[in-house]
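Tertiary structure, described
Okay, here's what each chain looks like letter by letter:
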Amino acid sequence: NKQVVMSNIRSAISSPEYEGMDEKDAIEDYFHRIYNYKAIYEPLDERLHYLQVFDGGKQIVMNRVTGFLPSKIMFYLSNLRN
């Protein structure tokens, strides 16, 4: 969804990394980053143990999370709210 991508980019370019940079140049730089990430992107292997956090914690996906500490971390992350 292009609107979601642009919203995320506008949020990202407000970071200190882009401070003092023209908005158009910052957006262009971020699109260049996305292009580079696409070139090396590999989907997560479902056999791995992982946590994915989307939209600052609005959605959390866990896969094969087992054990005391990983379960506590998952509990902590799932209860964080902005």
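Residues numbered from 1 in each chain as written. Predicted model: local features only at pLDDT ≥ 70, side-chain atom pairs only at ≥ 80, totals over all residues. Heavy atoms only, no water.

1. Structural notes on the overall build of the protein chain
Let me state the cut-off plainly: By definition, any uninterrupted DSSP run of H or I lasting at least four residues is a helix, any uninterrupted run of E lasting at least two residues is a strand, and each is numbered from the N terminus. Restricting the calculation to C-alpha atoms gives the radius of gyration, and the globule rule supplies 2.2 Å times the number of residues raised to the power 0.38. Any pair of residues with heavy atoms lying within 4.5 Å of one another is described as a contacting pair. Exposure was quantified through the Shrake-Rupley algorithm and a 1.4 Å probe, taking into account, for residues, occlusion by the shown protein chains and nothing else. This count recognises Lys and Arg as positive and Asp and Glu as negative, with His and chain-terminal groups excluded. Every charge is mapped to an atom, namely NZ of Lys, CZ of Arg, CG of Asp or CD of Glu.
Helix and strand counts for the protein chain come out as 3 helices and 2 strands. Expected size for 82 residues packed as a compact globule is a radius of gyration near 12 Å; at 16 Å, the protein chain overshoots this value by more than 25%. Considering only C-alpha atoms, the protein chain reaches an extent of 45 × 30 × 25 Å along its principal axes. Long-range contacts, defined as pairs at least 24 residues apart, comprise 15% of the intrachain contacts of the protein chain with a sequence gap of at least 6. For the protein chain, the exposed area adds up to about 7,200 Å²; of that, 56% sits on carbon and sulfur atoms. Where the 10 positive side-chain charges of the protein chain centre and where its 11 negative ones centre are 10 Å apart.

2. Digging into the pairing of strand 2 (residues 59-63)
Defined as follows: Pairing between strands is defined by DSSP: at least two bridges between the two strands are required.
Where strand 1 (residues 50-54) meets strand 2, 5 bridges bridge the pair, whose relative direction is antiparallel. Each bridged residue has a counterpart across the sheet, and for Leu51 the counterpart in strand 2 is Met62. The hairpin turn running from strand 1 into strand 2, its antiparallel successor, is 4 residues long, and Asp55 in that turn takes a positive phi close to 50 degrees.

3. A word on the pattern of salt bridges
Worth spelling out the cut-off: Should a side-chain nitrogen of Lys or Arg be within 4 Å of a carboxyl oxygen of Asp or Glu, the pair is scored as a salt bridge.
All chains considered together, the criterion is met by 4 salt bridges. Taking the shortest distance from any N to any O, the salt bridge between Arg47 and Asp45 comes out at 2.6 Å. Here the salt bridges do not stand alone but share partners, grouping Glu17, Asp29 and Arg33 into one network.

4. Observations regarding the confidence of the model for the protein chain
Which entries qualify depends on this criterion: As a per-residue measure, pLDDT tells how confident the predictor is, with possible values from 0 to 100.
In the predicted model, the protein chain carries a mean pLDDT of 88, and the fraction of residues at 70 or more is 98%. Here strand 1 stands out as the least confident element of the protein chain, with mean pLDDT 84; helix 2 (residues 23-40) is the most confident, with 94.

5. Structural notes on the side chain of Asn63
To be explicit about the condition: Polar contacts, as used here, are pairs of N or O atoms within 3.5 Å; protein pairs need one atom able to donate a hydrogen and one able to accept it. Residues neighboring in sequence count only if both atoms are side-chain atoms.
Topologically, Asn63 is positioned in strand 2. A distance of 2.9 Å separates a polar atom in the side chain of Asn63 from the backbone oxygen of Glu46. Looking at Asn63, its side chain comes within polar contact range of the main-chain oxygen of Leu48, at 2.8 Å. For Asn63, the residues in contact, after removing those within four places along its chain, are Glu46, Leu48, His49 and Tyr50.

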